[in-house]
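Here are the chains, one letter per residue:
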Amino acid sequence: MEYTMETLAQACAECQKCALGATRTKSVFGTGNPHADLMFVGEAPGEQEDLSGIPFVGRAGQLLDKFLYAVDIDRKDVYIANILKCRPPKNRDPLPEEEDACIGYLREQVRLIRPKVIVCLGRIAAMRLIKPDFKITKEHGTWFEKGGFAMTAVYHPAALLRDPRKKEEMLEDMKAIRQKLYETAN
Ligand code: URA
């Protein structure tokens, strides 16, 4: 089936492919510019996202917004989505079968958006999209070329809330993302 962004969002809103369909308040499809050159992919919705249906609106999202602002990237210009579209109970890590059930939505989003740069927010997205043995502490900020996309991973903003000492490295990674975007989009 050939999806448009609208029909894909609708399918996601009605999805019951895994058990999280029964416990979610809202599915969290994604937000932003559907023609973005830069796409961020997080892990899974948290409490605020589950309630609002919008990714990265809670505390971690507000911190992400600060980093975007710091490197002069407008949140409206990028696209933000997650590996899982529904909140796992008590924000536990996604289960492999949940990722497997859900990943097709993200694939279709990437196909429709055709970003140039994909940034994984945290190790869960990096392990799924870059490589299964991705080590976020060692490999954040490293660039990978995969499927025609420039890909990298940065610390998850929730990790920065737990350990603010990582914020300096995050800022450097975000500056490099700004530069990569400039190089690939021009
Ligand atoms: N954490 C994520 O990984 N995604 C969200 O949308 C919110 C918090």
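Before reading further, recall that the structure is shown in the block above.
Here is a short report on the structure shown in this document. (Residues numbered from 1 in each chain as written. Predicted model: local features only at pLDDT ≥ 70, side-chain atom pairs only at ≥ 80, totals over all residues. Heavy atoms only, no water.)

Remarks on the nonpolar core
Alright, step 1. Core analysis: the biggest nonpolar cluster contains 53 residues, and Leu38 and Phe40 have the highest contact counts within it.
Alright, step 2. The element contributing the most residues to this core is helix H5 (residues 96-113), with six residues.
Alright, step 3. Among residues more than four places away in sequence, those in contact with Phe40 are Leu68, Val78, Tyr79, Ile80, Ala81, Val119, Leu121 and Met174. (Core = buried A, V, L, I, M, F, W, Y, C linked by side-chain atoms within 4.5 Å. Buried < 20%, exposed > 50% of the residue type's maximum accessible area, 1.4 Å probe, protein only. Helix = DSSP H or I, 4+ residues; strand = E, 2+ residues; numbered from the N terminus. Contact = heavy atoms within 4.5 Å.)

Quick look at the sheet that holds strand E3 (residues 79-82)
Alright, step 1. Pairing is mixed in the open sheet, where six strands are placed in the order E1-E3-E2-E4-E6-E5. Pairing within the sheet leaves two strands with one partner each, and these edge strands are strand E1 (31-32) and strand E5 (144-146). (Pairing = 2+ DSSP bridges.)

What to know about the site of the ligand
Alright, step 1. Around the ligand, the neighbouring residues are Gly42, Glu43, Ala44, Glu49, Pro55, Phe56, Asn82 and His156.
Alright, step 2. A distance of 2.8 Å separates an oxygen atom of the ligand from a polar side-chain atom of His156.
Alright, step 3. Contact with the protein chains covers 92% of the free accessible surface of the ligand, which is 240 Å².
Alright, step 4. Its residues assigned to classes, the shell around the ligand comprises three nonpolar, three polar and two charged. (Near = heavy atom within 4 Å. Polar contact = N/O pair within 3.5 Å; in protein donor to acceptor, adjacent residues only side chain to side chain. Areas by Shrake-Rupley, 256 points an atom, 1.4 Å probe, with all protein chains shown as cover. Nonpolar A, V, L, I, M, F, W, Y, C, P; charged D, E, K, R; others polar.)

Remarks on the pairing of strand E4 (residues 117-121)
Successive residues of a regular strand alternate their side chains across the two faces of the sheet.
Alright, step 1. Burial runs high along E4: five of the five residues are buried.
Alright, step 2. Covered by surrounding structure in E4 are Val117, Val119 and Leu121 together with Ile118 and Cys120, the residues of both alternating faces.
Alright, step 3. Taken together, the four bridges between strand E2 (residues 38-42) and E4 define a ladder with parallel strand orientation. When the sheet's bridge partners are listed, Val41 is paired in E4 with Cys120.
Alright, step 4. Note: E4 against strand E6 (residues 149-154), five bridges, orientation parallel. Directly across from Leu121, in E6, lies its bridge partner Val154.

Any functional reading would require information beyond the geometric quantities listed.
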